[in-house]
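For reference, the chains in residue letters:
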Amino acid sequence: MFVLGCGADVKYEHPARASDWDTELHVPPKIVGPSEKKLIAERLDSFANKLLTSGADMRSICEAIKKPLRPIWITPQSKIHKGFEATNHNVTPQPHNEEVDDIPPTDAFLEAVNFSPIVCMSVSDPEKDGLPLAIKLSDSESPSTSFIYIQGAADDEETWARGLAYTQFWGHYDTFLSLIDSEAAIEKYIYTLVTKENEEPSESSMGSGKFDLIGMTNLAVGGWISGKPPKCWESFDIVINCTDSHHSGFDEATQIPSHKCYTMLSIPEGKKGQGQLSLALPKVVAWVREKAGGFIERKPRILCHCAQGVDRSVGVALTLLVEFLDETGTLNFNRTRPKVDKATIQRQLLSMTRYRSQIRPSRATLKKVNDFFMSHQ
């Protein structure tokens, strides 16, 4: 929730930063009171320093940013197209808005404002009676304003999305909008989509299905299509299927060449898979160490894939990188694991995003990876 540049530029000179950049912290005053804003502002330098030392590719990030970043909050009460005038590359809010905390989704507005918006969505409503699984929050400085906080709505989609992937949502966006007045119809449509894709994930629902190599490691992360035999054997020697189903028509006896290796970890989608992931991690580390050791003349090419290549396969690949990646940037399967902490895992995850931008492991998956290393020191 900060403007990139307010602290980070102290140690990293932004190549395109203009002298008139607004690097103050901006928050919606109807939601964040003055005291909370002050507390956030006091921590900005520590946040920036943590980012700079995280291992993220800051030069590429900064070169892509032409204006300072600013968070914009969209809530159920936002009047998306009202209350704004964009003039002279600045935003003049109407009297009822102390700050710009809604944003009209128009190209003209985005071109006119002097910042790059980071749009933050919130489903929290003004206080209502009878909302289940909700917590009432109020600002002591504005006691007349209170909200119902819906737990997990922001990032725990596995608890409420009913198995729907974001690629499926955007692939059927128009249909969802047409059903917006009927919650029952939406739930039925989600069930139909999820059931169909679980039977046999399609290439369209999984994006391109391509894989991405993680640097020079010979380790790749991919979606469902990337692991489909016999095509996968053209690019890989070892394939780790992180789902709980084989590809349609798969026959282990006839579709795995004698000099290739394949395993399925039987990890279901969503929360059901978290227990299985915990069991799979020590087994897959030992299995890879054994199988990769059989490649004498060259380093084996390894694919970790799941349905989308954003969560389960990322957790497994991250574990393999932390376990085997040495100082030269290659996988060493005879390596003795050094001391690992959460910062080590976080740096490795950030390095993966350089090569596969869509990775999005859940907090539950990252916790299982952390637990594996913390309990095997």
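Scroll up a little and you will see the structure.
What counts, and at which threshold
Residues numbered from 1 in each chain as written. Predicted model: local features only at pLDDT ≥ 70, side-chain atom pairs only at ≥ 80, totals over all residues. Heavy atoms only, no water. Pairing = 2+ DSSP bridges. Helix = DSSP H or I, 4+ residues; strand = E, 2+ residues; numbered from the N terminus. Axes fitted to C-alpha atoms, helices over the stretch in contact; angles between N-to-C directions. Contact = heavy atoms within 4.5 Å. Salt bridge = Lys/Arg side-chain N within 4 Å of Asp/Glu carboxyl O. Buried < 20%, exposed > 50% of the residue type's maximum accessible area, 1.4 Å probe, protein only.

This part is about the sheet that holds strand β12 (residues 302-305). The strand order β8-β9-β12-β10-β11 describes an open sheet built from five strands, whose pairing is mixed. Across the chains shown, the open sheet's two edge strands, defined by having one partner strand only, are β8 (211-213) and β11 (261-264). Shown here is a sheet whose adjacent strand axes are inclined to one another by a mean of 15°, direction ignored. Where strand β9 (residues 219-222) and β12 come together, four bridges link them in parallel fashion. Within β12, the position partnered with V221 by the bridge is C304. Here helix α9 (residues 272-292) sits on the sheet and contacts β10 (238-241), β11 and β12; the angle it forms with β10, its principal contact strand, is near 165°.

The next subject is the pattern of salt bridges. Two side chains of opposite charge can pair, provided their charged atoms sit close to one another. Applying the stated criterion to the full structure yields 12 salt bridges. The partner of D212 in a salt bridge is K210, with the nearest N and O atoms 2.6 Å apart. Among the residues examined, D212 registers a relative accessible area of 11% and is labelled buried. Residue K210 is classed as partly exposed on the basis of its relative accessible area of 45%. Of the charged contacts, one joins E323 and R289 as a salt bridge, the two residues approaching to 2.9 Å between their closest N and O atoms. A residue pair is termed long-range when its members are at least 10 positions apart, and E323 in helix α10 (residues 312-324) and R289 in helix α9 qualify at 34 residues. Residue classification places E323 among the buried positions, given a relative accessible area of 3%. On the basis of relative accessibility, which here comes to 30%, the residue R289 falls in the partly exposed class. Shared partners join several salt bridges into a network, and the residues in it are D237, K260, R298 and R301.

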